[in-house]
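The lines below spell out each chain.
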Amino acid sequence: MEIHCLSTVSHPSSSFPARILNIQGVSSSSPYPLVLPSPLPNSFLQRNFQPICYQKKLTVQPLKAYKGYILADAEKKGWDVGRFLKTLYFFNGPSSPAKFFEFLIEKLSGPSPSEAAKEMETSGIVLVAGATGGVGRRAVDLLRKKGIPVRALVRNEEKARRMLGQDVDLIVGDITKASTLLPEHFKGVKMVINAISVIVGPKEGDTPDRAKYSQIKGDSPEMVEFIGMKNLINAIKERVGLRRGKLIFGFDDNLSRELSWGALDDVVMGGVSEGTFQIDPNGGENGSPTAIFKGVVSTANNGGFSSIRTKNFVVPEDLSAYDGLELRIKGDGRRYKFMVRISRDWDTVAYTIGFDTVKDQWQSVRLPFSSLRPIFRARTVSDAPPFDPSEIISLQLMFSKFEYDGKLNPTFVEGPFQLPITSIRAYLKEPITPRFVHVGSAGVTRPDRPGLDLSKQPPAVRLNKELDYILTYKLKGEDLIRESGIPYTIVRPCALTEEPAGADLIFEQGDNITGKISRDEVARISIAALESPYACDKTFEVKSVIPFSEPFTVDPENPPPEKDYNVYFQKLKDGITGKESLEQTAVSV
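Residues numbered from 1 in each chain as written. Predicted model: local features only at pLDDT ≥ 70, side-chain atom pairs only at ≥ 80, totals over all residues. Heavy atoms only, no water.

Things to note about the overall build of the chain
Here is step 1: In terms of helices and strands, the chain carries 10 helices and 32 strands.
Here is step 2: Expressed as a percentage of its 589 residues, the buried residues of the chain come to 50%.
Here is step 3: Put simply, of all contacts in the chain between residues at least 6 apart along the chain, 72% involve residues at least 24 apart.
Here is step 4: About 28,700 Å² of surface is accessible on the chain, with carbon and sulfur atoms providing 52% of the total. (Helix = DSSP H or I, 4+ residues; strand = E, 2+ residues; numbered from the N terminus. Buried < 20%, exposed > 50% of the residue type's maximum accessible area, 1.4 Å probe, protein only. Contact = heavy atoms within 4.5 Å. Areas by Shrake-Rupley, 256 points an atom, 1.4 Å probe, with all protein chains shown as cover.)

A few points about the nonpolar core
Here is step 1: Core analysis: the biggest nonpolar cluster contains 77 residues, and I236, L325, F338, F355, L395, L397 and I424 have the highest contact counts within it.
Here is step 2: With seven residues, the top contributor of residues to this core is helix 6 (residues 221–240).
Here is step 3: Residues within four places of F355 in sequence aside, it is in contact with L327, I329, R334, R335, Y336, K337, F338, V365, L367 and L397.
Here is step 4: Counting 39 residues, the second-largest nonpolar core is a separate cluster that includes V140, L142, V168 and A195. (Core = buried A, V, L, I, M, F, W, Y, C linked by side-chain atoms within 4.5 Å.)

Some thoughts on helix 8 (residues 470–484)
Each α-helix winds once per 3.6 residues, and so residues spaced three or four apart point in a common direction.
Here is step 1: Helix length check: helix 8 (15 residues) gives 21 Å between terminal C-alpha atoms against 21 Å at 1.5 Å per residue, within 8%.
Here is step 2: Within helix 8, 13 of the 15 residues are buried, leaving the element largely enclosed by the surrounding structure.
Here is step 3: Just downstream of helix 8, G485 is the residue with a positive phi angle, here 90 degrees. (Expected span 1.5 Å × (residues − 1).)

Considering the environment of D280
Here is step 1: Relative to the assigned elements, D280 resides in strand 16 (residues 274–280).
Here is step 2: On the basis of relative accessible area, D280 is assigned to the partly exposed category, the value being 28%.
Here is step 3: Sequence-wise, D280 and T422 are 142 residues apart; in three dimensions their C-alpha atoms are separated by 9.9 Å.
Here is step 4: Excluding anything up to four places from it in sequence, D280 contacts S288, P289, T290 and I292.

Focus: the sheet that holds strand 32 (residues 538–544)
Strand pairs in the sheet, formed through backbone hydrogen bonds, run parallel or antiparallel to each other.
Here is step 1: On the basis of which strands lie adjacent, the open sheet formed by eight strands has the order 9-8-7-10-27-28-32-30 and mixed pairing. Taken across any chain shown, the strands that pair with only one partner, and hence form the sheet edges, are strand 9 (170–172) and strand 30 (505–508). Across the sheet, the mean angle from the axis of one strand to that of its neighbour is 20 degrees, orientation sign disregarded.
Here is step 2: As paired elements, strand 7 (residues 125–129) and strand 10 (residues 189–194) share five bridges and run parallel to each other. Considered in strand 10, the bridge of A129 is made with N194.
Here is step 3: Relative to the sheet, helix 4 (residues 134–145) contacts strand 7, strand 8 (150–154), strand 10 and strand 27 (436–439), its axis offset from that of strand 7 by approximately 160 degrees. (Pairing = 2+ DSSP bridges. Axes fitted to C-alpha atoms, helices over the stretch in contact; angles between N-to-C directions.)

Focus: the pairing of strand 23 (residues 373–376)
Here is step 1: Relative to strand 23, strand 21 (residues 350–356) runs antiparallel, the two being bridged by three bridges. By the bridge assignment, A350 is partnered in strand 23 with I375.
Here is step 2: With two bridges connecting them, strand 23 and strand 24 (residues 379–380) associate as antiparallel partners. Counted as the bridge partner of I375 is T380 from strand 24.
Here is step 3: Counting the residues in the hairpin turn of strand 23 and strand 24 gives two residues, including R377, whose phi is positive at 55 degrees.

Let's talk about the confidence of the model for the chain
Any segment with low pLDDT has predicted coordinates that should not be analysed in fine detail.
Here is step 1: Here the chain averages 83 in pLDDT, while 76% of its residues score no lower than 70.
Here is step 2: Within the model, pLDDT remains below 50 along residues 1–75, and this stretch shows 112 contacts once partners closer than five positions in the same chain are excluded.
Here is step 3: Confidence drops under a pLDDT of 50 for residues 585–589, and excluding neighbours within four residues, the segment shows nine contacts in the predicted structure. (pLDDT = per-residue confidence, 0-100.)

Concerning the packing of helix 6 against helix 8
Here is step 1: Helix 8 packs onto helix 6 with a crossing angle of 15 degrees between their chain directions and a minimal axis gap of 7 Å. As judged from the angle between their axes, helix 6 and helix 8 are roughly parallel. Considering only the axes of helix 6 and helix 8, their crossing is right-handed. Contacts from P221, E222, E225, F226, M229, K230, I233 and K237 of helix 6 reach helix 8 at I470, Y473, K474, K476, G477, L480, I481 and S484.
Here is step 2: Grouping the constituent residues of the contact of helix 6 with helix 8 by class yields eight nonpolar, two polar and six charged. (Parallel < 35°, antiparallel > 145°, perpendicular 65-115°, else oblique. Left-handed = near helix turned anticlockwise from the far one by under 90°. Nonpolar A, V, L, I, M, F, W, Y, C, P; charged D, E, K, R; others polar.)

Some thoughts on the sheet that holds strand 18 (residues 305–310)
Here is step 1: Reading across the sheet, the seven strands line up as 15-18-25-20-21-23-24 and stay open at both edges, with antiparallel pairing between neighbours. One side of each edge strand has no neighbouring strand; the edge strands of this open sheet are strand 15 (261–263) and strand 24.
Here is step 2: Of the strand pairs in this sheet, strand 18 and strand 25 (residues 394–400) are connected by five bridges, and their pairing is antiparallel. When the sheet's bridge partners are listed, F305 is paired in strand 25 with S400.

Some remarks on unusual backbone geometry
Here is step 1: Cis geometry marks the peptide bond from E430 to P431, where omega comes out at -10 degrees.
Here is step 2: Following the sequence through the fold, P431 ends up in the loop between strand 26 (415–427) and strand 27.
Here is step 3: Positive phi is not limited to glycine here, since N286 has a value of about 55 degrees.
Here is step 4: Along the chain, N286 turns up in the loop between strand 16 and strand 17 (290–297).

Observations concerning helix 9 (residues 519–530)
Here is step 1: The end-to-end C-alpha separation of helix 9 is 17 Å, in line with the 16 Å expected for 12 residues at 1.5 Å each.
Here is step 2: Within helix 9, 11 of the 12 residues are buried, which leaves the element mostly enclosed by the surrounding structure.

Let's talk about the side chain of R151
Here is step 1: Looking at the element boundaries, R151 is found in strand 8.
Here is step 2: Judged by its relative accessible area of 11%, R151 is buried.
Here is step 3: A polar side-chain atom of R151 sits 2.7 Å from the main-chain carbonyl oxygen of H185.
Here is step 4: With residues near it in sequence (within four places) discarded, R151 still touches I125, V126, L127, V128, D169, L170, I171, H185, F186, K187 and V189. (Polar contact = N/O pair within 3.5 Å; in protein donor to acceptor, adjacent residues only side chain to side chain.)

What follows is the structure in structure tokens.
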């Protein structure tokens, strides 16, 4: 039997104090010396170490084939150096041996006193599409006055600067051309007000004989209202989020998504705990597939944790639209830790949160991004950068004796553990508010509606076919929104006017009313809808109580009070669109 001893020796040729780990019996000409920076922490140097001997019956092979156990004294268990090297190889290892062993030394030196964690905040931008139109530009102005970050999507930059101001945040794109809607245009966007509409006659203003509806100007209704809507939804869908969330890993109905997980245990510090990651095709609820994080945890050799960690994602996961991660698990009554990293470095801050489980019960555990704590080497980092959910690089799940800042896990026991995990998904917190507000048009379900007196309908309803099926394609665009999974509000104003906001309003559903409403009022309604859970996934028509034949004015010295639009939103019902009357009379195009 060959015996190879591990010891530390001074390096006489170095120009700076250092120590090298030598494995006696291995050629000293090895190109991979393991250098430990010096001076080392006092608490580490004062420890009384014994030589560690590696016993192996075979001749020493290159590192990739080197496997066995390092034995310490009789009270300590063998260290599986092969598993240690395998772990490093799976995760591509730390940036250098010196950095990794420095990490080990810091661990052994003990934690520093607890420090308060920074409060994490996230903010989002409201995108206004069609920002130079009558409703769009008013929405931009109102949002800026409220101090809400806003970005304008326009086709003509010069016109937009002249109309909205030189300092407005704007992007140039055309929803009818998907190639112009670049991903970087929408970074940071969390909500959208879409005021884009096909142009009919004069862009704004009505004439006594309603000449506004005489002809289509520019792109066709199909291109703007349907194809353009599809392009816009595809461009912003990942940014604003979906009502049912986003699957990050696991199994959910007919969906599945894989990640590359590997074990990362206390073997990296000399411990003997060992975890694994497995897929059980029938171990989930109702016999569905599930992943399982399982293993045996031990405090031998100053260890006490087992974990699984993903390899770094090739492309960062952008979850800025969401409020946290939800785990579907079968608990074992223990407390686990979940960690998220936003850096590609091996040894870096992990944004961490602990969670408790209920023994033998399937449960959904929500981990809010706002509750993540920046932890580095088991200590809170008070000056860490804020967590950025748009730059997620890796995930880690851990069962550990330790929490952070010297605290211990009250549920920790040595021995076997097992945590089935069906899925990890990003979620929107309740109550969910609209992420996409679309300014459409009243009348979209009325063309060819049976029993309708067209003489009493607006020109767009009467001339739908002559206007290239303008309302038909507006309805098709609405359907794309409703089917997208994005939390939405669809506002269907009656005839738009240049009058000021302030008149009393009538909100209806079913697409039956006619009348007029101020563009300024519609902009205000759209902004209010973004903040109201009562408006979420609702479709409604709106007009003022003022007859079309009567002008509405406001006394600047005595303006009307600000409206609480929630009073109107609260009365809205789900699922009413006006399409109910068309189920048996679908219009073909």
